Structure formats: C-alpha cells, structure tokens
Amino acid sequence: MESFLIKGGSPLRGTVEISGSKNASLPIMAAALLTRETCVIRRVPDLSDTRFMVQILQSLGAEVKFAQGAVTIRAEKLKPHADYELVRKMRGSICIMGPLLARLQRARVSLPGGCIIGARPINLHLKGFDALGAKIQIQGGYVDAKATGLIGATMFLGGRSGSTVLGTVNVMMAAALAKGVTVIESAACEPEVVDLANFLNAMGAKISGAGSPTVTVTGVERLRGADHEVIPDRIEAATFMIAAAATNGEVTIQNAQPDHLRAVIDKLSEANVSVKRSGASLIVKRGGRLKSVDVTTLPHSGFPTDVQAQMMALLVLAPGISIITERIFESRFMHVSELARLGADIEIEGPSAIVKGGKPLSGAPVMASDLRASAALVIAGLAAKGTTQVNRIYHLDRGYEKMDRKLRLLGAHIRRVQE
Ligand code: EPZ
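Residues numbered from 1 in each chain as written. Predicted model: local features only at pLDDT ≥ 70, side-chain atom pairs only at ≥ 80, totals over all residues. Heavy atoms only, no water.

### With respect to the site of the ligand
As a matter of local geometry, the ligand sits amid 22 residues, with Asn123, Leu124, Thr164, Asp306 and Ile328 nearest to it. Within the contact set of the ligand, an oxygen atom lies 3.0 Å away from a side-chain nitrogen or oxygen of Asn23. Separating an oxygen atom of the ligand from a side-chain N or O atom of Asp306 is a distance of 2.6 Å. Against a free-state accessible area of 830 Å², the protein chains account for coverage of 94% of the ligand. Listed by contribution, the elements that provide at least two residues to the shell around the ligand are helix 1 (22-31), helix 5 (123-131), helix 6 (165-175) and helix 12 (371-383). Here the element with the most residues in the shell around the ligand is helix 5; it accounts for three residues. Classifying every residue of the shell around the ligand by side-chain character gives eight nonpolar, seven polar and seven charged. Each of domain 1 (2-19 + 232-418) and domain 2 (22-229) accounts for three or more of the residues forming the shell around the ligand. (Near = heavy atom within 4 Å. Polar contact = N/O pair within 3.5 Å; in protein donor to acceptor, adjacent residues only side chain to side chain. Areas by Shrake-Rupley, 256 points an atom, 1.4 Å probe, with all protein chains shown as cover. Helix = DSSP H or I, 4+ residues; strand = E, 2+ residues; numbered from the N terminus. Nonpolar A, V, L, I, M, F, W, Y, C, P; charged D, E, K, R; others polar. Domains from an automatic or database assignment.)

The structure is reproduced here in structure tokens:
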C-alpha cells in the first residue's frame, strides 16, 4: 500500500488547476445508459472512482473509452445487472439503477455497503422508484427493481438528514423516460444535481427546477447522445483553499466555480482567511491571525459535509474554541483521532466536535480512513512541524486527481512512497 511522506512547514504558493467534479461525473456517466447513441463527457477526473464507473458500465454491456479526460460511452446493448463485487465497492454506482429501470424496466444491483461515515441507506431512492410504479425486492444482498413502464408521479424525497443527492439524481434519470410528469419535492440542490439536469436536457429530456427543492421532469419517448463538460470539483477547490490558509501561503485556485463555494468562502472569511475573486479564479491567503469559528454541515447551499474534515484541520490551528457539527452523516469524525496524533486537542460531543485550537502541530504517522478525512490529514501534515506519513492513501486516490503532484507544484514537500 502507498503512503504520502510530508515534510511540513512550507507555505503553499502559486497556482493550482481544479479538475472536473467526481460527484458530477459519476451520475452523468450513468446517465449515458439512457440512450443507444454516443455520449462524450469531458473533464472527467482520472480517479479510481471514475475508473470503477467505467468498469461498471462495461460490465453492463456498454462500450466505454476513457482518454485525456474524455469518457466516450455507447450503450447500444445493455444488461439489467452489474457485477456484484464492482457495485459493492463504490457507493456512487447506485446511480445506475435509475437509467437501467428507465431503459430496460429492470435493475438488479448489489445493495451498496455502508461505509466508514455511515450506514448509507437507499430507502429514499427506492421510495422514488416505487412512486414511479416499480416493484422493489431486496434479497440475497441484491435490490431488484422491475416495472411494466414507469409512470410520472409526485413524491417527497426528504429523509432524516434532509435531501439525498444520489437519490434525487437516480429518480430524475428514471423519470426522464417515464410516461407523464414527475415532481420531486425536497430534491437535493447540489451543483452536481444541476449539472446532471443540464446533461439530461442536452440529451432531450425536459427537466426544470434543478438546483431548487422542487424538480419537475416531463417524460419523453427517447433520449439522444450529447457532448458535455462537467463542472469543476468544488470539494477539491475547497480542499486547496483550506490548505493555502493552513500553511499560511497564498494560492490562486484556477478553474473553480466561485458560485458553488459561497458557504465555504463565507466561513473562511469569518476565520480571517481572505478569498479574492479574480475572473474564474480565487486568490486565497490568511488575512492575519486565524480566528476560531463554528461550522455546521447542511445540504446545499449550506456548508458541505465533504469539507467538514478539511475545515477541522484548519480550525485546529486557530486559537480558541471552534465547534464543528455534522448534520448529514452519523459518523464522520474518523479524522479526529488521527489529528490528535499530530497534537490536535478535539473532543467529540454527539454530533459536534469541540476543537481547542492554536497549539502547534507536530508530524507523526497517521492513517487515512475515508476520502475527505484523508485530505484533512494531508492538510494538517502540511502545516505541522516535522514529518507526517499518511498511510493508506488509496482513499485519497478515489477522489483527488494527482493531489501530490499539484501540491508539489505549490512548493509542498510531499512524495508518494510504499508503506
Ligand atoms: C453524495 O452521496 C456524495 N457522493 C457524497 O460525497 C456527499 O457527502 C453526499 O452526497 C452529501 O452531500 C456522490 O455524489 C458520489 P446523500 P449520497 O444521499 O448521495 C441519508 C465524497 O466524499 N440517506 O445525499 O450517497 C444518508 O444516510 C462523498 O465525495 C437516507 O437516509 O449522500 C445521509 O445521512 C462522500 N436514505 C444523508 O441522507 C437514502 O435513501 C445524505 O446522503 C439516501 C440517503
């Protein structure tokens, strides 16, 4: 297994280019199953998650090529079920269900396992498919959905933690070819949902309201191929913004979409980090001493749960008490014990982590756990004195394209080594 070896203490300086969004790419790649025609999806980041999705689509019978950031998909022939092991390995693959149901009136996928951040149920996805007339059966670790023609319906997709991103995109894709009108209430408003809706509309779908809590889909007979460039990865952008502040450097974030980052920019400004827009770029540096702030994660356009761990790594450096409350997932504090190994003083109280910030960090070997927790450890290692070894960085390779290379170009002392 591979690790990152980080020698901390160098301020990050220079310009970083943000890649295309992982969480926009996965549903859009799945949406290409809705047509027999060829789809081209550009600026897809080269990650283990996107490569997994290529394999899953190929296991369903689609022809898929992935070169120079462009994924070309032609799903002329299609099977209703994907490779059990492949689907189990990546939660994001659940979004093949909607297209399979819409195209074949049948979808059989392995129940996506929970993961380290929570149980990750799919009850809301199934509630949506049921509302469209599908019959759902769960047995032997598989969920089996069958329909004799999907019919548009109105449904409420809010759950105990608010809206569901992949639930919303799954139902949108199924509804695109259903007979009649579907209204999704309490739909997720994330930019990745809007990007998928734009792709579907380019394919000939009739979707309005994406990005708002009420999405309306008027079913059509068939969809055509389309050519689409995915939005920038707002979580990668936020990660580099926070790394710039944590190392007291100055970084220009190129190719970000500032409108997707309002809550992050607002919270960083409150912590005394200056974020200046110049065109499509953001220039990030500290505005003086870091200030402790309180953060609560919420569905978009609230503070994103996928930036919670990285923000905690920054607030560990801010003198005073910061309270970080995780409202989306039930156990997304795996980074706390590893940050403590670097000298952080954090106590967990239910859904909140109480960060007593301002003590200097010193390097140590730490263990990556989930994708964003691993990013937090890299940020803390960059700010700590001495050497930090972040183990099991396969977690990072799932969601960050060439992270070590991008950081080295900003002056970080980081290299990939065998554990
Ligand atoms: C997407 O996951 C993202 N993944 C996650 O990013 C992100 O953290 C999450 O949305 C929230 O923004 C992809 O887009 C591939 P949810 P998703 O359904 O759609 C509960 C990363 O690091 N829920 O919005 O699976 C669920 O348990 C990843 O890039 C139900 O109760 O998340 C959670 O508490 C991690 N029933 C909350 O809703 C359901 O049927 C939000 O989950 C579905 C979800």
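### Focus: helix 4 (residues 97-104)
Among the eight residues that make up helix 4, seven are buried, leaving the element largely enclosed by the rest of the structure. Taken residue by residue, helix 4 has Met97, Gly98, Pro99, Leu100, Leu101, Ala102 and Arg103 as its buried positions. The secondary structure elements touched by the buried residues of helix 4 are helix 1, strand 6 (106-110), helix 5, strand 8 (142-146) and helix 6. A positive backbone phi angle near 60° is found at Gln105, which sits one or two residues after helix 4. (Buried < 20%, exposed > 50% of the residue type's maximum accessible area, 1.4 Å probe, protein only. Contact = heavy atoms within 4.5 Å.)

### With respect to unusual backbone geometry
Residues His300 and Ser301 are joined by a peptide bond in cis, for which omega reads 25°. The backbone of Asn248 shows a phi angle near 55°, a positive value even though the residue is not glycine. Here Asn248 is to be found in the loop between helix 8 (234-246) and strand 14 (250-254). At Arg392, a position not held by glycine, the phi torsion is positive, near 60°. Considering the arrangement of structural elements, one finds Arg392 in the loop between strand 22 (387-391) and helix 13 (394-397). The class of Arg392 is partly exposed, set by a relative accessible area of 32%.

### Details of the layout of surface pockets
The method is simple in principle: a probe with the dimensions of a water molecule rolls over the atoms, and the space it marks as empty is what remains. Volume-wise, the second largest pocket comes out at about 420 Å³. Here the lining of the second largest pocket gets three residues from one element, more than from any other, and that element is helix 4. Class assignment for the residues of the lining of the second largest pocket results in ten nonpolar, four polar and six charged. (1 Å grid on protein atoms, 1.4 Å probe; cavity = no way out; pocket = protein on both sides within 12 Å on 5 of 7 lines; lining within 4 Å. Points joined across faces, edges and corners; volume = space filled by probe spheres on them.)

### Quick look at the packing of helix 10 (residues 308-315) against helix 11 (residues 334-341)
Taken N-terminus to C-terminus, the directions of helix 10 and helix 11 make an angle of 25°; their axes are 10 Å apart at the nearest point. One element, helix 10, and the other, helix 11, form an angle in the roughly parallel class. Viewed along their axes, helix 10 and helix 11 form a crossing whose handedness is right-handed. In contact with Gln308, Ala309, Met312 and Ala313 of helix 10, helix 11 contributes His335, Val336 and Leu339. The residue makeup of the contact of helix 10 with helix 11, split by class, is five nonpolar, two polar and no charged. (Axes fitted to C-alpha atoms, helices over the stretch in contact; angles between N-to-C directions. Parallel < 35°, antiparallel > 145°, perpendicular 65-115°, else oblique. Left-handed = near helix turned anticlockwise from the far one by under 90°.)

### Thoughts on empty space enclosed by the protein
One pass over the structure, following the stated rule, counts three cavities of 30 Å³ or more. What lines the largest cavity is simply Ser21, Lys22, Asn23, Glu192, Asp233, Arg234, Ile235, Asp306 and Arg372. Looking at side-chain class alone, the lining of the largest cavity contains one nonpolar, two polar and six charged residues.

### A word on the pairing of strand 10 (residues 181-185)
Looking along a regular strand, one sees the side chains alternate between the two faces of the sheet. In this structure, strand 9 (residues 154-156) lies alongside strand 10, joined through three bridges in parallel fashion. For Thr154, the partnering residue across the bridge sits in strand 10 and is Val183. In this region the chain leaves strand 9, passes through helix 6 and returns to the parallel neighbour strand 10; the handedness of that crossover is right-handed. Relative to strand 12 (residues 214-218), strand 10 runs antiparallel, the two sharing five bridges. Bridge pairing in strand 12 links Val183 to Thr216. (Pairing = 2+ DSSP bridges. Right-handed = clockwise from strand over helix to strand, strands pointing away.)

### What to know about helix 9 (residues 262-270)
Three or more residues of helix 9 are buried, namely Val264, Ile265, Lys267 and Leu268. All buried residues of helix 9 fall inside an arc of 165° around its axis, so they share one side. Where the residues of helix 9 are buried, they touch helix 8, strand 15 (273-278), strand 16 (281-286), strand 17 (295-296) and helix 10. Positive phi appears at Asn272, one or two residues downstream of helix 9, with a value of about 70°. (Arc of directions from axis to C-beta.)

Everything listed is a geometric property; what it means functionally is a separate question.
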